Amino acid sequence: MMNYWLFKSEPSTFSIDHLSKCFNQITYWDGVRNFQARNYLRDQCKKGDMVLFYHSNADPPAAVGVSMVVKEGYVDSTAFDPQDKHFDTKSKKEKPTWYMIDIKFVMKFRREVSLDEIKKNAKLQKMVLVRPGTRLSIQPLTREEFEEIVRMGK
DNA sequence: GCCAACGTTGGC
DNA sequence: GCCAACGTTGGC
């Protein structure tokens, strides 16, 4: 069964345009250091799942495009690298704490779908994104929600 | 840059 | 296993 996800990224760090310019338009989604998000990445993100690409801390915050899972959960080795921003002393190679996946660029929306528009759309009221107090950087969404946002952005 | 809300840490 | 302190997230 295919799943649908929303991935947050700060465009100043990594935007949809960065993704589209990657070699083969594929990147690894590293640096997730939250257990709930980790569980989704490690256990539930499957090859072929669709990912809504969302710009957080942006002006305006918005869904900006679509990507796809091309490699399922594997060890995030940046956690072992003391030079890396996401280094974590507690993650051991014998028993890694953190995982990542690979995603591939699918499309950039013709127009961004802002958080404001999402909040105003009656069909999108149940999204994790608009639930008060949720800061998850990896969140599931339903096929209907995904398709509605793609429709708005096309 | 502010700050509320949340997750994590660590002392007890 | 409680909970205060701290760090981070992310909209504004």
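First, a word on what this report is: a plain description of the structure on this page.

Cut-offs used in this document
- Residues numbered from 1 in each chain as written.
- Chains lettered and ligands numbered in written order.
- Predicted model: local features only at pLDDT ≥ 70, side-chain atom pairs only at ≥ 80, totals over all residues.
- Heavy atoms only, no water.
- Helix = DSSP H or I, 4+ residues; strand = E, 2+ residues; numbered from the N terminus.
- Rg over C-alpha atoms; globule rule 2.2 N^0.38 Å.
- Near = heavy atom within 4 Å.
- Polar contact = N/O pair within 3.5 Å; in protein donor to acceptor, adjacent residues only side chain to side chain.
- Core = buried A, V, L, I, M, F, W, Y, C linked by side-chain atoms within 4.5 Å.
- Buried < 20%, exposed > 50% of the residue type's maximum accessible area, 1.4 Å probe, protein only.
- Nonpolar A, V, L, I, M, F, W, Y, C, P; charged D, E, K, R; others polar.
- Phe/Tyr/Trp six-rings, centres within 6.5 Å; stacked < 30°, edge-to-face > 60°.
- Lys NZ or Arg CZ within 6 Å of the ring centre and 35° of its normal.

Along the backbone of chain A there are four helices and six strands. In chain A, the succession of α and β elements from N to C terminus is β-α-β-α-β-β-β-α-β-α. A compact globule built from 154 residues would reach a C-alpha radius of gyration of about 15 Å, and chain A, at 15 Å, matches this within 12%. Along the first, second and third principal axes, the C-alpha atoms of chain A reach 45 × 35 × 35 Å.

What follows covers the protein's contact with DNA strand B. The environment of DNA strand B is made up of Asn34, Phe35, Lys90, Pro132, Gly133 and Arg135. Near-protein atoms of DNA strand B (within 4 Å) split between backbone and bases, with sugar and phosphate holding 69%. Here a base oxygen of DNA strand B sits 2.8 Å away from a polar atom, N or O, in the side chain of arginine 135.

Before going further, it helps to examine the nonpolar core. Within the largest apolar cluster, 21 residues are counted, with the highest numbers of intra-cluster contacts made by Phe7, Trp29, Phe53, Ile101, Ile103 and Ile138. Taken together, the elements giving at least two residues each to this core come down to β1 (4-9), α1 (16-21), α2 (35-44), β3 (50-55), β4 (62-75) and β5 (99-114).

As a structural note, the neighbourhood of DNA strand C is formed by Lys8, Tyr54, Ser56, Asn57, Pro61, Leu115, Lys119 and Arg135. The sugar-phosphate backbone supplies 67% of the atoms of DNA strand C found within 4 Å of the protein. Taking lysine 8, its side chain carries an N or O atom lying 2.7 Å from a phosphate oxygen of DNA strand C. The contact in question runs from a phosphate oxygen of DNA strand C to an N or O atom on the side chain of lysine 119, over 3.0 Å. Here the residues of the surface near DNA strand C sort into three nonpolar, two polar and three charged.

Counted according to the given criterion, the structure contains seven aromatic pairs. On the basis of an interplanar angle of 45° and a centroid distance of 5.3 Å, the ring pair of phenylalanine 7 and tryptophan 29 is categorised as tilted. Within this pair, whereas phenylalanine 7 is found in strand β1, its partner tryptophan 29 is found in the loop between β2 (26-28) and α2, the two being separated by 22 residues in sequence. Phenylalanine 7 sits in the buried class, given a relative accessible area of 0%. The class for tryptophan 29 is buried, based on a relative accessible area of 9%. Above the ring of tyrosine 99, the side-chain terminus of arginine 42 is found at 5.7 Å from the ring centroid. Residue placement shows lysine 71 over the ring face of tyrosine 74; its charged tip is 3.9 Å from the ring centre.

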